[in-house]
Amino acid sequence: MLVSSDHVDPAQADWPRTGSWTGFLRAGGQIYRDNGVKGLFQGHSATLLRVFPYAAIKFMAYDQVHHVSTHIQRRAVAGAQPY
């Protein structure tokens, strides 16, 4: 197996750029013209399937930490000994 010791920085390479859009609005307009509103949301369901479990776990962890911290604060304000 041969390995080249030369490193080519992708930012400095003269490779042809892929894609044909020059901006966000032009890309959105072209997608809308080609596929309608449905085209703007293609792939959205896959993203939601990826994000929902993460968001649920994050919310549950936040809720538990918030519950425990307010319980400890209330005990401290009331003059009770910490556990």
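Residues numbered from 1 in each chain as written. Predicted model: local features only at pLDDT ≥ 70, side-chain atom pairs only at ≥ 80, totals over all residues. Heavy atoms only, no water.

Once that is clear, we can look at the overall build of the chain. From N to C terminus, the chain includes two helices and zero strands. Buried residues in the chain amount to 4% of all 83 residues. Surface summary for the chain: the accessible area is close to 8,400 Å², and the carbon and sulfur share equals 62%. (Helix = DSSP H or I, 4+ residues; strand = E, 2+ residues; numbered from the N terminus. Buried < 20%, exposed > 50% of the residue type's maximum accessible area, 1.4 Å probe, protein only. Areas by Shrake-Rupley, 256 points an atom, 1.4 Å probe, with all protein chains shown as cover.)

What follows is about helix α1 (residues 24-40). The terminal C-alpha atoms of α1 lie 12 Å apart, and with 17 residues this falls more than 12% below the ideal 24 Å at 1.5 Å per residue. The sharpest bend along α1 comes to roughly 105 degrees, located at aspartate 34. (Expected span 1.5 Å × (residues − 1). Bend = angle between axes of the 7 residues up to and from the residue.)

Moving on, we get to a nonpolar patch on the surface. On the surface, a cluster of nonpolar side chains totalling about 410 Å² of accessible area is made up of Tyr32, Val37, Leu40 and Phe41. If you trace the backbone, valine 37 turns up in helix α1. (Patch = residues over 30% accessible without salt bridge, like charges linked within 9 Å, V, L, I, M, F, W, Y side chains within 5 Å. Salt bridge = Lys/Arg side-chain N within 4 Å of Asp/Glu carboxyl O.)

Nothing here speaks to function; it is all geometry.
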